[in-house]
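Structural description and commentary
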Amino acid sequence: MSGEELRKRFETAFMPNYGVPPVVLARGEGCRVWDAGGREYLDLIAGIAVSSLGHGHPALVEAVSAQVATLAHTSNLFLHEPEVLLAERLRELLGGDGRVFFANSGTEANECALKLAIKYGGQNGRTYFVAAENGFHGRTMGALSLTGKASIREPFGPFALDVRFVPYGDAAALEAAVDENCAAVFLEPAQGEAGVVPPPEGYFTAAREICDATGALFVADEIQSAIGRTGTWFAFQHENAKPDILSLAKGLGGGLPIGACIAFGPHGDLFAKGDHGSTFGGNPVSAAAALAVLDTIEADGLLANAAAVGEILAEGLDGIDHPLLAGVRGRGLWRAAVLTGPHAAAVETAARAAGFLVNALQPDALRIAPPLVLTAEQARSFTGAFPAILDAAQNGREG
């Protein structure tokens, strides 16, 4: 079926919330993908920071194939080995502490975190929550109530929870907002959907200290940032500001749907039997995929690769002098090319025409979140081509 025909059928069959995607992908290998017409692209999106090992990685293919042929699903009525091994592996990476709940996605991991925080608040007379302006925690109703992006939040209000939003990165504003009546503070280590916006150095440490002083739970949303994306297993490790509750998803499954909520210390015991559940959470195939991802990241040194190749990307972009490019921000293989104005859609289109897939995340920011297996040569091929891409975007806008 041709790409054009698929797009027409997509438009007829699906709700209009996504629009019609511009490219029909047919296959992938490593960091490269091919569309339905056979055109090749360097994938610098990785399914929105999901495909940690790229496409068709032998370890992932083997793990998923073997598991689906053995036992594909059990529900939460029965246990199976991959889910136990994965929970134990995550605990090991987090210092041996924590109790795990598996879900299907990031928003569901955050729903679990929110329910834990609500129960904690109810037990301790705490009535409100604090989150960041322009933060993103998901689109289901609980997670959306914590999401500080007005354009996606407000059409679906009002919300049952009292959530107070503070400017991201402002430790003084956070301290002023959190007192002994606050149940939990929800923060990303860098705001992903806002444009890969990092906070000032020490912000996560300050948040940890504020929560310690007031007794509020500190919840770290690492849906995008964890599993090696910033050069460490978890982004909070850059400041060693361990949260009370951690949410994960995206890169954990390497392309298979899985989310995880991990609560530390006594907070891991907040749920009683029947308080929460998921039919598909911890699915054997997704758990096997996640184990393969973790094993491969460790065996192939992909944490170091993410840090080193991420610096190559940043240095290459920093070295470009162009009227459309203001700079680059982020860490590891989680970057944003920051533009001087609302040029992101035009630059995304020009990059695609040049054989590179990037994401116009904000009007003035492009997300670059490639597979962790991206090579230095591939990174340089993009930064080398980027000036011409910017020229094409500028000429297209002026024309």
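Below or above, wherever it landed, is the structure these notes cover. (Residues numbered from 1 in each chain as written. Predicted model: local features only at pLDDT ≥ 70, side-chain atom pairs only at ≥ 80, totals over all residues. Heavy atoms only, no water.)

**A few points about the overall build of the protein chain**
Where we set the bar: Helix and strand assignments follow DSSP, with helices taken as H or I runs no shorter than four residues and strands as E runs no shorter than two, numbered in order from the N terminus. Our radius of gyration looks at C-alpha atoms and nothing else; its globule reference is 2.2 Å times the residue count to the power 0.38. Working definition: with a 1.4 Å probe on protein chains only, accessible area under 20% of the residue-type maximum means buried, over 50% means exposed, and in between means partly exposed. Throughout, a residue-residue contact means that at least one pair of heavy atoms, one from each residue, lies within 4.5 Å. Calculation of accessible area relied on Shrake-Rupley with a 1.4 Å probe; when residues are assessed, cover is drawn exclusively from the protein chains displayed.
The number of helices and strands found in the protein chain is 13 helices and 15 strands. Over its C-alpha atoms the protein chain spans a radius of gyration of 21 Å, differing by no more than 12% from the 21 Å that the globule rule assigns to 399 residues. Taking all 399 residues of the protein chain together, 53% fall into the buried category. Considering only residue pairs separated by 6 or more positions, the protein chain has 70% of its internal contacts joining residues 24 or more positions apart. On the protein chain, roughly 17000 Å² of surface is accessible, and the fraction owed to carbon and sulfur atoms is 53%.

**Examining unusual backbone geometry**
Working note: non-glycine residues mostly have negative phi, and peptide bonds are mostly trans. Cis peptide bonds are those with omega within 30 degrees of zero, and the linkage from Gly 157 to Pro 158 qualifies with 0°. Phi at Ser 75 is positive, roughly 70°, even though this residue is not glycine. By the element assignment, Ser 75 lies in the loop between helix H3 (58–70) and helix H4 (81–93).

**Structural notes on the environment of Ile 320**
Inspection of the secondary structure puts Ile 320 in the loop between helix H11 (302–318) and strand E11 (325–331). Judged by its relative accessible area of 13%, Ile 320 is buried. Along the primary structure Ile 320 and Pro 387 are separated by 67 residues, whereas in three dimensions their C-alpha atoms are 6.9 Å apart. Not counting chain neighbours up to four residues away, the residues in contact with Ile 320 comprise Leu 325, Thr 383, Phe 386, Pro 387 and Leu 390.

**What about the side chain of Thr 74?**
Mapped onto the elements, Thr 74 comes out in the loop between H3 and H4. Overall, the relative accessible area of 14% leaves Thr 74 in the buried class. Apart from residues lying up to four places away in sequence, Thr 74 is in contact with His 80 and Pro 284.

**Examining the pattern of salt bridges**
Any two side chains of opposite charge can pair, given that their charged atoms come close. Worth spelling out the cut-off: Salt bridges are counted wherever a side-chain nitrogen of Lys or Arg sits within 4 Å of a carboxyl oxygen of Asp or Glu.
For the coordinates displayed, the defined rule picks out 13 salt bridges. Arg 32 is paired through a salt bridge with Glu 40; the nearest N and O atoms lie 3.2 Å apart. In this structure Arg 32 comes out as partly exposed when scored by relative accessible area, which is 28%.

**Quick notes on H4**
Each turn of an α-helix holds 3.6 residues, which means side chains three or four residues apart point in the same direction. To keep it simple, the criterion reads: Take the residue count of a helix, subtract one, and multiply by 1.5 Å to get its expected span. Arc, as used here, means the arc of the directions from the helix axis to the C-beta atoms.
Across its 13 residues, H4 extends 18 Å between first and last C-alpha, which sits within 8% of the 18 Å expected from 1.5 Å per residue. Of the residues making up H4, those classed as buried are Pro 82, Glu 83, Leu 86, Ala 87, Arg 89, Leu 90 and Leu 93. Angularly, the buried residues of H4 cover 160° about the axis, an arc narrow enough to put them on a single face. Exposed and facing more than 90 degrees away from the buried side of H4 are Glu 81 and Glu 92.

**Details of the nonpolar core**
How we decide: Only buried Ala, Val, Leu, Ile, Met, Phe, Trp, Tyr and Cys residues count toward a nonpolar core, and they belong to the same one when joined by side-chain atoms within 4.5 Å.
Grouped together as the largest cluster of nonpolar side chains are 85 residues, with contacts concentrated most on Leu 174, Leu 187, Phe 234, Phe 382 and Phe 386. Per element, the largest residue contribution to this core is 9 residues, and it comes from helix H10 (residues 284–299). Look past the residues within four positions of Phe 234 in its chain and what remains in contact with it is Leu 93, Leu 94, Glu 222, Ala 226, Ile 227, Leu 246 and Leu 248. Counting residues in hydrophobic clusters, the runner-up holds 21 residues, among them Leu 114, Ala 117, Tyr 120 and Ala 183.

**Observations regarding the sheet that holds strand E8 (residues 217–221)**
Under the convention used in this document: A pair of strands is labelled paired if DSSP reports no fewer than 2 bridges between them. Lines fitted to C-alpha atoms define the axes here, with helix axes fitted over just the stretch in contact, and angles between the N-to-C directions of these axes take values from 0 to 180 degrees.
Strand order in the open sheet formed by 7 strands is E4-E10-E9-E8-E7-E5-E6, and the pairing between neighbours is mixed. For this open sheet the edge positions go to strand E4 (99–103) and strand E6 (163–166), each flanked by a neighbour on one side alone. Averaged over all neighbouring strand pairs, the angle between strand axes comes to 20°, with direction disregarded. Here H4 sits on the sheet in contact with E4, strand E9 (245–248) and strand E10 (259–263), set at roughly 125° to E4. Packing against the sheet, helix H9 (residues 203–214) makes contact with strand E7 (182–187) and E8, and its axis sits at approximately 150° to E8.

By themselves these figures say nothing about function.
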